[in-house]
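Summary of structural features
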Amino acid sequence: QIMLLGIVVAVLLVAVIFATFAALQYTRSAVLRDDQRRLESATNLVTRDYSENARRDHNGDGSPLSGARGIDDASLSQLTHNVLRNIDGAEGGFYSAQQDALAGYSFPTRGMSEADNLDMTDEARNAVLSVTRSAVAAHATSARILPLGSDIALINAIPLYENGRFTGSAWSMMRLSNIPG
């Protein structure tokens, strides 16, 4: 009877360990899924605001991403800042296909002054460039989950279609730390 009791305890212990692991995996995927939805919504807002405001404010001189005067980084940064300031942890900007460069970067909820808020690590910049280029090349939304240092980065990019061609993309990113699982 003692041996049977020991076997039952061992089986229950294995079941508890398995259930705990499965719960952590479910929690991780639920967190990622919820944050991906928030990020997609943020990118859609940046894209919509760009379509509604930035081109109109550029006075018919092309787009802020590919106009005759080049990239209008200041107005793009302000647009990004205004859209993302209420979305905790979201940073973003634009990609110019013509210049193969990021523009209009802002991370308004970082809690730093705007002047200290304009830089990204090379690793983050390369990850964002990869996703934004992919969105323009595929003419479709591109989203990726990538390791970024000790964090996980969710990156979403939506191509911008202007004057009969894809001129770049709007993008947003969230860095997630300490997610379970």
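For the structure, check the block above.
How each quantity is defined
Residues numbered from 1 in each chain as written. Predicted model: local features only at pLDDT ≥ 70, side-chain atom pairs only at ≥ 80, totals over all residues. Heavy atoms only, no water. Helix = DSSP H or I, 4+ residues; strand = E, 2+ residues; numbered from the N terminus. Buried < 20%, exposed > 50% of the residue type's maximum accessible area, 1.4 Å probe, protein only. Contact = heavy atoms within 4.5 Å. Areas by Shrake-Rupley, 256 points an atom, 1.4 Å probe, with all protein chains shown as cover. Pairing = 2+ DSSP bridges. Axes fitted to C-alpha atoms, helices over the stretch in contact; angles between N-to-C directions. Salt bridge = Lys/Arg side-chain N within 4 Å of Asp/Glu carboxyl O.

This part covers the overall build of the chain. Secondary structure summary: the chain contains three helices and five strands in total. For the chain, the succession of helices and strands along the chain, N to C, is α-α-β-β-α-β-β-β. Scored against the burial criterion, the 181 residues of the chain give a buried share of 39%. Long-range pairs, those at least 24 residues apart, make up 57% of the contacts in the chain between residues at least 6 apart in sequence. Carbon and sulfur atoms make up 56% of the accessible area of the chain, which totals about 9,900 Å².

Here five strands make up an open sheet; going across it, the order is E2-E1-E5-E4-E3 and the pairing antiparallel. Bordering the open sheet on either side are strand E2 (101–106) and strand E3 (142–148), each of which pairs with just one other strand. Ignoring which end each strand starts from, the neighbouring axes of this sheet average 25 degrees apart. Across four bridges, the pairing between strand E1 (residues 90–96) and E2 is antiparallel. Bridge pairing in E2 links Phe94 to Ala103. Relative to E2, helix H2 (residues 73–84) is tilted by about 50 degrees, and along the sheet it contacts E1 and E2. Sheet contacts for helix H3 (residues 122–138): E1, E2, E3, strand E4 (151–162) and strand E5 (165–176); angle to E3, the most-contacted strand, approximately 165 degrees.

Oppositely charged side chains can form a pair if their charged atoms are brought close together. Counting across every chain of the model gives five salt bridges. For Arg133, the salt bridge identified is with Asp100, shortest N-O distance 2.8 Å. Here the residue Arg133 occupies a position in helix H3, and Asp100 occupies one in the loop between E1 and E2, the gap between them amounting to 33 residues. Since its relative accessible area comes to 36%, Arg133 is described here as partly exposed. On the basis of relative accessibility, which here comes to 37%, the residue Asp100 falls in the partly exposed class.

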